[in-house]
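Residue-level listing of the chains:
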Amino acid sequence: MLELYGTKGCPYTRELRESLDLDGEAYVEYDVEEDEDALRRMIALTGGRTVPVLVSDGKVLMIGVQGRGCIVAAPESAGGREA
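It should be emphasised that the depicted structure is a prediction, and the values quoted were computed from it without experimental measurement.

### Quick look at the environment of Tyr30
For step 1, the next point in the chain: Checked against the element boundaries, Tyr30 lands in strand β2 (residues 27-31).
For step 2, the next point in the chain: Through-space distance from the C-alpha of Tyr30 to that of Thr7 is 7.8 Å; in sequence the pair is 23 residues apart.
For step 3, the next point in the chain: Setting aside anything within four residues of it in sequence, one finds Tyr30 in contact with Glu3, Leu4, Tyr5, Gly6, Asp35, Ala38 and Arg41.

Dropping the structure here:
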């Protein structure tokens, strides 16, 4: 199953979500601003903080949408440091 890492406020996450829905693709969505574990997994997969990220079977299929994306801030519990 596909995994979508994104945020509620990112228009590119919304665009990718809508595209997946229109295509009838099954996916699990993680909001990396609300789920620090998901943020850590995303960073481990991509090495960065750009969303949306689409993953299949542990492999990154897409970062951003057509070269556009949103940058996620470091979690407050990390004191502003990289996770």
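### Considerations on the side chain of Thr7
For step 1, the next point in the chain: Along the polypeptide, Thr7 turns up in the loop between β1 (2-6) and α1 (11-23).
For step 2, the next point in the chain: The class of Thr7 is buried, set by a relative accessible area of 6%.
For step 3, the next point in the chain: In this structure, Thr7 is in contact with Thr13, Arg17, Asp31, Val32, Glu33, Val51 and Val72, ignoring residues within four places of it in sequence.

### Considering the side chain of Asp31
For step 1, the next point in the chain: Take Asp31: it is sitting in strand β2.
For step 2, the next point in the chain: One buried charge, Asp31, has no salt-bridge partner; the nearest side chain with opposite charge is Lys8, at 4.4 Å.

### As for the pattern of salt bridges
For step 1, the next point in the chain: Across all of its chains, the model carries 5 salt bridges by this definition.
For step 2, the next point in the chain: A salt bridge links Lys8 to Glu34; its shortest N-O distance comes to 2.9 Å. Of this pair, Lys8 sits in the loop between β1 and α1 while Glu34 sits in the loop between β2 and α2 (36-46), and the two are 26 residues apart along the sequence.
For step 3, the next point in the chain: According to the relative accessible area criterion, Lys8 is exposed, its value standing at 60%.
For step 4, the next point in the chain: On the basis of relative accessibility, which here comes to 57%, the residue Glu34 falls in the exposed class.

Definitions and cut-offs
- Residues numbered from 1 in each chain as written.
- Predicted model: local features only at pLDDT ≥ 70, side-chain atom pairs only at ≥ 80, totals over all residues.
- Heavy atoms only, no water.
- Helix = DSSP H or I, 4+ residues; strand = E, 2+ residues; numbered from the N terminus.
- Contact = heavy atoms within 4.5 Å.
- Buried < 20%, exposed > 50% of the residue type's maximum accessible area, 1.4 Å probe, protein only.
- Lys, Arg positive; Asp, Glu negative; His and termini not counted.
- Salt bridge = Lys/Arg side-chain N within 4 Å of Asp/Glu carboxyl O.

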